[in-house]
Amino acid sequence: MDPHAFVSPVEAKAIEYLIAVAYLVLFVPFWRYLDGGTARARAAVRARVPARPPAGWFVVPDGISFHPGHTWARVDGEGLATVGADEFAFKLVAPERMVLPPTGDEVRQGEPAWLFGADGHDVALLAPVSGTVTELNTEALRAPEAAARDPYGRGWLMKVRAPRLAADRKQLLDGPVARRWIEAVTEALRARAGAPAALALEDGGAPVDGLARAVDGPEWPAVAREFLLS
Amino acid sequence: MTDTLTRARAWIREKVLLGRSWREYARAIDTNGNRLAALVVAAGLTVIAYRFSGGLAAVTNLSQDTPWGLWIGFDMLCGVALAAGGYTLASAVYILGLERYRPVVRPAILTGFLGYLFAVIGLLCDLGQPWRIPYPIFYKYGVTSVMFEVGWCVFLYLTVLGLEFTPTVFEWLGWARIGRRAKDMTLGLTAFGVVLSTLHQSSLGSLFLSAPGKVHPLWYSPFLPVFFFVSSVVAGLSMVIVESALSHRAFQHRARPRPAAELDELTIGLGRAAALLLFAFFFLRLQGLAEGGRWAELATGYGAWYLVELLGLVLAPCLLFARAARAGDAGAVRVAAALAVLGVVVQRLNVSIVGFQWNVAHRYVPSAAEVLVSVTLVTLGVLTFRWIVNRMPVLDGRPLPAAGH
């Protein structure tokens, strides 16, 4: 058979009209099906991502620049920075101990710099800036729970001589951008399957210590590493 | 002099090396993924060099019967279709005023620009006399050829996409004033881009109208230009859905922090549009089948493959898009988008390779070298996208400061 042989135009046109009519007839229910779901779809999306966390869950102070791995840096002077872990990281892990690099060690932005340990597991946190460790907060090392109560003040962890501080800070988040970021991260944690109802409450209560354990039980180190990007 | 040199070094360190020294940068990019990519690119560039020294016959299975192979079927036809997100999203936001899709416009334009750029590079490999590529533009126009229109449109549209992307580059360079001037051109460029895309996306289908006896009757249709245009919009929307999901994951540190729900809502909106388009596209394809009247061909092996394409990669993603958009399931919309992208690739390959010269004695099968070159171009496209996104404000869409600030 010659595949390009003459085709009866009457037959072909009849079928084409039938297809056109079928399209128009089916388009109406198809559109109604699709459009009927608009409100439902929006509700479904919003239901999966819980409402915004109560204001003040996590504080984002001015003058602090955040690394997406939940560590922070504050400029103390030319080429000198104080660094620490943010409130979210402390709440997520609730560290029982902290292992910091000794003074004189080099840390690199975005690479594991120190450890938070709890329940016999360690999770690494990423350095917010690159440089040489010049001083450690021994008080915070001795009492991590006290550091957790004031993570941007007395809970600082290290002083770092950072030769490329200006360039490093361009990779960090601060101000309104940091606030939106911490909101998004909090929502992501609350939206996780298995997040207990307590986390989704909007009663304005403070989040529990050891959020990762509350969300995923024994698998908490994996959850913590996911959020701490380590 | 020393001062200029120091400033240049500081500039390179900050803008290109992301604040690192050359040594630190080299250490940072030394990953397994990058090593594999380097291997692919090195092998691919070697093949390309060999193609230019030894000619097309040295590396391809092309012949007088099938002068168009994988580099046209995949690099050009699929590359250009998958790059259609640029004009689709730009027209949605800048012309139709659908502001909520603004966060995905810049990555869509970048994807479009790179898609066209690498399609043209693929074309250079394919042309027997690549140095003649400027001929239709500057020297011998060949106005009677469909290629004249395609050549001009791709040339102009690549320029338009480049200009549309310049505000992002100027923001990166910190040239606020010229950046604002570039932004002022956006609406005009978008309108021009839509006109050019409509012309050449359909013209890629028109190319095959000049070879009716060579295309399998199931895929040959006088509606081919319409099929190519409509499917390019489907491909553009679907690529934006897939690419935004991947970018959101891969470039989390570069993206403006945004709740997951925002991206999900955008995805579902795009999925709804894709469902409607695919619904129309399915019936258009049926019209093409009716026009040819070759229903009996459906009972052959080619027919089975045609049905896989039509039902599995057009109708199925259409219904999945509709169901997922209605249920608010962004994950399922992404699956449907991946299926739709695959559908457009298969459709283009069916017209240009599987169903092209289907009845000649020696069927064309691309050589391993041809496949390697195509994989190399895709790899280079992804690496370029990553390089740009890691440096320029593509994902966070920071606005330029207003005049007077």
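Attention in this report is confined to the structure presented alongside it. (Residues numbered from 1 in each chain as written. Chains lettered and ligands numbered in written order. Predicted model: local features only at pLDDT ≥ 70, side-chain atom pairs only at ≥ 80, totals over all residues.)

1. As for the overall build of chain A
Put simply, the rule is: By the criteria applied, helices consist of DSSP H or I runs no shorter than four residues and strands consist of E runs no shorter than two, each listed in order from the N terminus. Three exposure classes are used, all based on how many other C-beta atoms lie within 10 Å of a residue's own C-beta (placed from the backbone): buried at 20 or more, exposed at 12 or fewer, and partly exposed between those limits. The contact rule is simple: place each C-beta atom from the backbone, and if two of them lie within 7 Å, those residues are in contact.
Along chain A, the regular secondary structure elements total 10 helices and nine strands. Counting every position in chain A, which comprises 230 residues, the buried fraction comes to 35%. Here the contacts in chain A between residues at least 6 apart in sequence split such that 63% fall between residues at least 24 apart.

2. A word on the pairing of strand β8 (residues 131–136) of chain A
Residue and element names in this part refer to chain A. Where we set the bar: Each pair of strands is called paired provided DSSP finds at least two bridges between the two strands.
In the sheet, strand β5 (residues 106–107) pairs with β8 via two bridges, with the strands oriented antiparallel. Note on β8: the bridge partner recorded for E106 is T132. Pairing of β8 with strand β9 (residues 158–161) involves four bridges; the strand directions are antiparallel. What sits directly across from T132, in β9, is R161.

3. Let's talk about the nonpolar core
Side chains of nonpolar character tend, in soluble globular proteins, to be buried together. What counts here: To form a nonpolar core, buried Ala, Val, Leu, Ile, Met, Phe, Trp, Tyr and Cys residues must be joined through C-beta atoms within 7 Å.
If you look at the biggest cluster of nonpolar residues, it comprises 101 residues, and the most contacted ones within it are V234(B), A274(B), A275(B), L278(B), F321(B) and V333(B). The element best represented in this core is helix α12 (residues 224–250) of chain B, accounting for 12 residues. Not counting residues within four places of it along the chain, the set of residues in contact with A275(B) comprises L34(A), C318(B), F321(B), A322(B) and A325(B). Ranked by size, the runner-up nonpolar core spans 49 residues in total, among them W114(A), V123(A), V133(A) and V160(A).

4. Re the sheet that holds strand β6 (residues 112–118) of chain A
Residue and element names in this part refer to chain A. For clarity, the cut-off: Between the N-to-C directions of two axes lies an angle of 0 to 180 degrees, each axis being a line fitted to C-alpha atoms and, for a helix, fitted only over the stretch in contact.
Pairing within the open sheet is antiparallel, and its three strands lie in the order β4-β6-β7. The sheet is open, and its two borders are formed by β4 (97–99) and β7 (121–126), each paired with just one other strand. The mean inter-strand angle of the sheet, taken between neighbouring strand axes irrespective of direction, is 25 degrees.

5. A look at helix α10 (residues 220–228) of chain A
Residue and element names in this part refer to chain A. For the record, the criterion: Directions are taken from the helix axis to each C-beta atom, and the arc is the one they span.
Here α10 has its buried residues at W220, V223, A224, F227 and L228. End-on view of α10: buried residues confined to an arc of 125 degrees, all on one side of the axis. Positive phi shows up at L229, right after α10, with a value of about 60 degrees.

6. Notes on helix α7 (residues 105–126) of chain B
Basically, it comes down to this: To estimate how far a helix should extend, the number of its residues minus one is multiplied by 1.5 Å.
Look at α7(B): 31 Å from first C-alpha to last across 22 residues, which is about the 32 Å you get at 1.5 Å a residue. With 17 of 22 residues buried, α7(B) lies mostly within the body of the structure.

7. A word on the sheet that holds β5(A)
As summarised here, the arrangement of the six strands in space is β1-β2-β3-β9-β8-β5 (chain A), forming an open sheet in which the pairing is antiparallel. Edge positions in the sheet fall to β1 (65–67) and β5 of chain A, since each has one partner strand and no second.

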